[in-house]
Amino acid sequence: MCELYSKQDTLALREKHIGPSCKIFFAADPIKIMRARGQYMFDEKGERYLDCINNVAHVGHCHPEVVKAAAKQMELLNTNSRFLHDNIIEFAKRLTATLPQKLSVCYFTNSGSEANDLALRLARQFRGHQDVITLDHAYHGHLSSLIEISPYKFQKGKDVKRESVHVAPAPDTYRGKYREDHEDPSTAYADEVKKIIEEAQSSGRKIAAFIAESMQSCGGQIIPPAGYFQKVAEHVHKAGAVFIADEVQVGFGRVGRHFWSFQMYGEDFVPDIVTMGKPMGNGHPISCVVTTKEIAEAFSSAGMEYFNTYGGNPVSCAVGLAVLDVIEKENLQGNAVRVGDYLIELLNEQKAKHPLIGDVRCVDQVSQTHLFSTAE
Ligand SMILES: Cc1ncc(COP(=O)(O)O)c(C=O)c1O
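Everything numeric in this text was worked out from a predicted model, so none of it was measured.

S.K.: Please provide a residue-by-residue account of the nonpolar core, values included.
M.R.: In summary, soluble globular proteins display a tendency toward joint burial of nonpolar side chains. Ranked by internal contacts, the top residues of the largest apolar core, which has 62 residues, are Phe210 and Met276. With 8 residues, helix H10 (residues 314-329) is the largest single contributor of residues to this core. Among all residues touching Phe210, those that are not within four sequence positions of it are Ile133, Leu135, Val193, Tyr228, Phe229, Val232, Val236, Val242, Phe243 and Ile244. Counting residues in hydrophobic clusters, the runner-up holds 22 residues, among them Leu118, Ala119, Leu120 and Leu146.

S.K.: Can you tell me about the packing of helix H4 (residues 112-127) against helix H9 (residues 293-301), naming the residues and giving the values?
M.R.: Between H4 and H9, the shortest axis-to-axis distance is 8 Å and the interhelical angle comes to 80°. One element, H4, and the other, H9, form an angle in the roughly perpendicular class. Within the contact between the two elements, H4 uses Leu118, Arg121, Leu122, Gln125 and Phe126 and H9 uses Glu294, Ile295, Ala298 and Phe299. In terms of residue class, the contact of H4 with H9 is built from 6 nonpolar, 1 polar and 2 charged.

S.K.: So, the sheet that holds strand E3 (residues 48-50): which residues are in play, and what are the values?
M.R.: Read from one edge of the open sheet, 3 strands run E1-E2-E3, paired in antiparallel fashion. A strand with exactly one partner marks an edge of an open sheet, and here the two such strands are strand E1 (33-37) and E3. For this sheet the average axis-to-axis angle between neighbouring strands, irrespective of direction, equals 30°. The pairing of E1 with strand E2 (residues 40-43) spans 4 bridges and is antiparallel. By the bridge assignment for E2, Ala36 is matched with Met41.

S.K.: Account for the pairing of strand E8 (residues 242-246), with residues named and values stated.
M.R.: Burial within E8 is extensive, with 5 of its 5 residues counted as buried. Burial of the side chains of E8 extends over both faces: Val242, Ile244 and Asp246 are buried on one face and Phe243 and Ala245 on the other. Of the strand pairs in this sheet, strand E7 (residues 207-213) and E8 are connected by 5 bridges, and their pairing is parallel. Considered in E8, the bridge of Phe210 is made with Phe243. Note that the unit made of E7, helix H8 (residues 228-238) and E8 has a crossover that is right-handed. Pairing of E8 with strand E9 (residues 273-276) involves 3 bridges; the strand directions are parallel. For Asp246, the partnering residue across the bridge sits in E9 and is Thr275.

S.K.: Provide a residue-level description of the site of the ligand, including the pertinent values.
M.R.: Around the ligand sit 14 residues, and of these Gly112, Ser113, Asp246, Gln249 and Lys278 come closest. Side-chain polar atom of Ser113 to an oxygen atom of the ligand: 2.5 Å apart, as the coordinates give it. At 2.8 Å, a side-chain N or O of Asp246 approaches a nitrogen atom of the ligand. The fraction of the free accessible surface of the ligand (390 Å²) that becomes covered by protein chains is 89%. Among the elements that take part in the shell around the ligand, H4 stands out by supplying 3 residues, more than any other. Among the residues making up the shell around the ligand, the classes are represented as 2 nonpolar, 8 polar and 4 charged.

S.K.: If you had to explain a nonpolar patch on the surface to someone new, which residues and values would you point to?
M.R.: Taken together, the side chains of Phe25, Phe26, Ile31 and Ile33 define a hydrophobic patch exposed on the protein surface, amounting to about 380 Å² of accessible area. Mapped onto the elements of the fold, Phe26 is located in the loop between helix H1 (7-17) and E1.

S.K.: So what about the packing of aromatic side chains? Which residues, and what values?
M.R.: Counted under the stated rule, the structure contains 18 aromatic pairs. Pairing Phe243 with Phe269 gives two aromatic rings, centres 4.9 Å apart and planes at 70°, and the pair type is edge-to-face. Here Phe243, found in strand E8, pairs with Phe269, found in the loop between E8 and E9; they are 26 residues apart in sequence, far enough to count as distant. For the pair Phe243 and Phe269, one class covers both residues: buried. Seen from their ring centres, Phe259 and Trp260 are 5.1 Å apart, and the 80° between their planes marks the pair as edge-to-face.

Reading the values: rules and limits
- Residues numbered from 1 in each chain as written.
- Predicted model: local features only at pLDDT ≥ 70, side-chain atom pairs only at ≥ 80, totals over all residues.
- Heavy atoms only, no water.
- Core = buried A, V, L, I, M, F, W, Y, C linked by side-chain atoms within 4.5 Å.
- Buried < 20%, exposed > 50% of the residue type's maximum accessible area, 1.4 Å probe, protein only.
- Helix = DSSP H or I, 4+ residues; strand = E, 2+ residues; numbered from the N terminus.
- Contact = heavy atoms within 4.5 Å.
- Axes fitted to C-alpha atoms, helices over the stretch in contact; angles between N-to-C directions.
- Parallel < 35°, antiparallel > 145°, perpendicular 65-115°, else oblique.
- Nonpolar A, V, L, I, M, F, W, Y, C, P; charged D, E, K, R; others polar.
- Pairing = 2+ DSSP bridges.
- Right-handed = clockwise from strand over helix to strand, strands pointing away.
- Near = heavy atom within 4 Å.
- Polar contact = N/O pair within 3.5 Å; in protein donor to acceptor, adjacent residues only side chain to side chain.
- Areas by Shrake-Rupley, 256 points an atom, 1.4 Å probe, with all protein chains shown as cover.
- Patch = residues over 30% accessible without salt bridge, like charges linked within 9 Å, V, L, I, M, F, W, Y side chains within 5 Å.
- Salt bridge = Lys/Arg side-chain N within 4 Å of Asp/Glu carboxyl O.
- Phe/Tyr/Trp six-rings, centres within 6.5 Å; stacked < 30°, edge-to-face > 60°.

Functional significance is not addressed by these values, which are geometric in nature.
Have a look at this one:
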């Protein structure tokens, strides 16, 4: 597309017509991007940028197979999921095949926030409990229901933490409350969750859900110590609550050796609800909540229909299927392992030379030090 306005006019019009809380990157010298392909973005003068910041263009910007799949389905039909259509079924089948067997029921939505909001509804409906335990520094989305459980946001603004929201310490063994020199950090951090549950119960409150990213991304690239999630799940289940794993940012093979980040912690850890988004549509707005039959049936038994105008439409599902195909065909998980291992090696060399580098994190050694970087 040709440029409609000069860069200066674009900026001035944006200031006039777009809400001031919608920030731009590199505000001192903003970039106007006109097109992108693969790992590159191009500005209005044709200047090429290597894109190290987008966490959505998972298979590369404007991947031809994804674009083709969208255009092909768009020409045929786009409608809502109240009509029978094979794309939604095929997509649900392919997605659930990547997950443990008990996670077999999908609800398609349009953004990570929408997926997390629905996950909270499912959790609250399951046993009629209301309260939520979240981790310090967490971000789970921009809806009112999610700002409430996102200390990353609400501690910055003027919002006051609700009584129904409980904040557990982030299981950070580098800078957190219990560090690598602690004899059992996973139990110590999980006991903090247990304490929160007990205190809430003693004042008559009931926990509906514990929610956490499978590894905290914008909250500091924090990888919990081995065994932490298993122990938390035990406490949470005992309280009649569910475990929600937010994979919106860290899912779809990004951690290399596993398709989902929660799988890093071993086969004995399976969340009750998994939410996904961002890379799922490579830029097309699609997201999903996957849960167990039991939780889905409890949601449905409330008698209220769940309808989402765009969620699971044939075009979105065609896009999602194409993304899965590309991840597989181009062995992008293998690429994440190769490039990740190489980066870790180089960073560790630098760490040995520079005391300024305190911690290098990678995701395949859950109990050790790691590096993995994404933007919000
Ligand atoms: C972990 C996590 N969950 C949820 C969301 C919300 O997703 P969306 O911006 O698509 O609503 C984000 C977005 O940054 C996120 O990082």
